[in-house]
Amino acid sequence: LLCWSLTTEAGKPCGPADTSFCDQDNDLQCLVMASASGDSLAGGECVQVCDPSQSKCPSPLTCLGGSDTTAGVCGTQLNRGDSCVQDPLSDCGPADVCITDGNEGYCLQDCTKTMMCDDSSQKCMPLSDGSGSFCM
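Here is a short report on the structure shown in this document. (Residues numbered from 1 in each chain as written. Predicted model: local features only at pLDDT ≥ 70, side-chain atom pairs only at ≥ 80, totals over all residues. Heavy atoms only, no water.)

## What about the pattern of salt bridges?
What counts is decided by this rule: Put simply, a salt bridge is a Lys or Arg side-chain nitrogen that is within 4 Å of an Asp or Glu carboxyl oxygen. Think of it this way: any DSSP run of H or I at least four residues long counts as a helix, any run of E at least two long counts as a strand, and we number them from the N terminus. Partly exposed describes any residue whose relative accessible area lies between the buried limit of under 20% and the exposed limit of over 50%, with all areas from a 1.4 Å probe on protein chains only and scaled to the type maximum.
Inspection of every chain in the model, using the stated rule, returns two salt bridges. Ionic pairing is found between Asp96 and Arg80, a salt bridge with its closest N-O pair at 2.6 Å. Remark: Arg80 occurs in the loop between β7 (72-78) and β8 (90-92) and Asp96 occurs in strand β9 (residues 96-100); sequence separation between them is 16 residues. Exposure remark for Asp96: the relative accessible area of 14% places this residue in the buried category. Under the relative-accessibility criterion, Arg80 is labelled partly exposed at 39%. Arg80 is paired through a salt bridge with Asp118; the nearest N and O atoms lie 3.2 Å apart. Of the two residues, Arg80 sits in the loop between β7 and β8 while Asp118 sits in the loop between β10 (105-109) and β11 (124-126), which places them 38 residues apart along the sequence. What makes Asp118 exposed here is its relative accessible area of 62%. One network of salt bridges, with partners in common, ties together Arg80, Asp96 and Asp118.

As structure tokens, this is what we get:
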């Protein structure tokens, strides 16, 4: 037999590596991530599930992601220029995109549709793979 503990707070570890699961009565779910080596599950983090149309996230968190048919998670909304790492509990603002070189990343304005930048001193630059544009 294996004993599992109940995690009742968002942001706390969960999953097979931690031998705990998230309290669904508190709208928590375990977001499990593969280990860096790819050999096994490293574990995960409890996240608070939210409905983007009526977010009930604790302050100062915001309901990130989601749509009319899928749930989001409560997390930190980053500002333009903020560092954006692969943290599942943070995301760039709706008009921005995380541009990364593999090591560092920053929230920059997404200008794919308008080809215009809010800051007139910046230029709208296409991504090398043609998948969009950003202001720099």
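Here the narrative resumes.
## Digging into the state of the cysteines
Selection rule: Our working definition of a disulfide is a cysteine sulfur pair at a distance within 2.5 Å.
As enumerated under the stated definition, the model contains eight disulfides in all. Disulfide partner of Cys22: Cys46, at an S-S distance of 2.0 Å. Residues Cys22 and Cys46 are joined by a disulfide whose S-S torsion is about -100°; by sign, that bridge is left-handed. Of this pair, Cys22 sits in strand β3 (residues 20-22) while Cys46 sits in strand β5 (residues 41-50); the two residues are 24 residues apart in sequence, bridging distant segments of the chain. Of the residues examined, Cys22 reaches a relative accessible area of 6% and is grouped as buried. Assessed through its relative accessible area of 0%, Cys46 is described here as buried.

## Some points on unusual backbone geometry
Along the chain, Ser59 connects to Pro60 via a cis peptide bond; the corresponding omega equals 5°. Examined against the element boundaries, Pro60 turns out to sit in the loop between β5 and β6 (62-64). The residue Thr19 is not glycine, and still its phi comes out positive at about 50°. Of note, Thr19 is situated in the loop between β2 (13-14) and β3. Looking at Thr19, the relative accessible area reads 28%, which means it is partly exposed. With a phi angle near 60°, Met115 is a residue other than glycine that sits in the positive phi range. Tracing the chain through its elements places Met115 in the loop between β10 and β11. Owing to a relative accessible area of 45%, Met115 belongs among the partly exposed residues under this scheme.

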